[in-house]
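Overview (structure and organization)
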Amino acid sequence: MKTRENKPLISTTILNWNRADLLRRTIESYLETISVPYELFIIDNASTDKSWDVIEYFCSKASNVSGIYLSGNCGGEAINIGLKHSRGRFLHISENDIEYLPGWSEKTIELFESFPCLGQLSLFGPVPEDEEVWELKPSVLRHSKGHIVYETPCNVGTTSMLGCEVWGCGIRVKNIQETGGFLFPDDAQLSEDIKRAGFMVAWADHYMVKNLGHFASEFKSREEYYKKNYRSKPWLGESGWRARIKEWEG
């Protein structure tokens, strides 16, 4: 672990398992767009591709980027390793299939400052982008100090920003059980725990990132990977995944 002297405002943990090409795109866009003091932890869940080469490359370029290689796949719970080392006021969790857009770091901080009760903020908006194979997300518009978020009764996924108070409450990322060998982070449990602690969970008012892992082009280029992935999600399954694609194509 590298020694970091300056205290960050945002502490980011990227969870990675294979898909080295998307990981490179995620890290590159993150480093190109973040505009506040930060630290970045990249947790690798025992990838079998070239992911660690990508991680070592970026660690060699920036002193506040650290890679942590795990000898076994711990699934979503590996995120806690990065959060445990985080020193920032805001704890940012990222999957490895995200492209960060300019202004995301300032915007998320503005929203937390405008909504004191905000505990978890998605970097996605409530309405899917044109390229994204997904569905509308239940939400209610909230307005404060000239800013808008969309509070949700559901979960907002893994890629999100947390206030450090959430970690202080003892809330941790858990794995979903019984997923056919895949160890997905339990997004629903995380958001539910945050709400039970008295915080608001919300979508941003617009997409501050591109959700590459939900793009139709990505599904097509890596079809076997996603078929196995969605077969392990009993709440959706391969049939549900294909139904979403069909609806999007329509």
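See the structure printed just above.
Residues numbered from 1 in each chain as written. Predicted model: local features only at pLDDT ≥ 70, side-chain atom pairs only at ≥ 80, totals over all residues. Heavy atoms only, no water.

A short note on the pairing of strand β2 (residues 38-44)
Residues in a regular strand point their side chains to alternate faces of the sheet. To keep things clear, this is the line we draw: Relative accessible area decides the class of each residue, using a 1.4 Å probe on protein chains only: under 20% of the type maximum gives buried, over 50% gives exposed, and in between gives partly exposed. Numbering of helices and strands starts at the N terminus; helices are DSSP runs of H or I of at least 4 residues and strands are runs of E of at least 2. At least two bridges found by DSSP between two strands are what make those strands a pair. Consider the strands pointing away from the viewer: the crossover is right-handed when the path from the first strand over the helix to the second runs clockwise.
Across the 7 residues that make up β2, a large majority, 7, are buried. Neither face of β2 is exposed, since Tyr38, Leu40, Ile42 and Asp44 on one face and Glu39, Phe41 and Ile43 on the opposite face are all buried. Sheet topology note: the strand β1 (residues 10-16)/β2 ladder contains 7 bridges and is parallel. Following the sheet pairing, Asn16 is matched in β2 by Asp44. Since β2 and strand β3 (residues 65-69) lie parallel, the crossover through helix α2 (residues 51-61) that links them has a hand, and here it is right-handed.

So, the packing of aromatic side chains
Each aromatic ring pair is summarised here by two numbers: the centre-to-centre distance and the angle between the ring planes. Rule in force here: Under the pairing criterion, centres of Phe, Tyr and Trp rings, with the six-membered ring standing for Trp, must be within 6.5 Å; the plane angle then separates stacked pairs below 30 degrees from edge-to-face pairs above 60, leaving the rest tilted. Charge-over-ring contacts are defined here by two conditions on Lys NZ or Arg CZ: a distance within 6 Å of the ring centre and an angle within 35 degrees of the ring normal.
Under the definition given, this model contains 14 aromatic pairs. Measuring from ring centre to ring centre gives 5.7 Å for Tyr30 and Tyr100, while their planes differ by 85 degrees; the resulting arrangement is edge-to-face. You can see Tyr30 sitting in helix α1 (residues 20-33) and its partner Tyr100 sitting in strand β5 (residues 98-100), a full 70 residues away along the chain. Neither Tyr30 nor Tyr100 differs from the other in exposure class; each is buried. An aromatic cluster of at least three residues, connected via ring pairs, comprises Phe219, Tyr225, Tyr226, Tyr230 and Trp241. Over the ring of Phe90 we find Arg89; its NZ or CZ atom is 4.7 Å from the centre of that ring. Just above the ring of Trp203 sits the side chain of Lys137; from NZ or CZ to the centre is 4.8 Å.

Treat this as a map of the structure, not an account of what it does.
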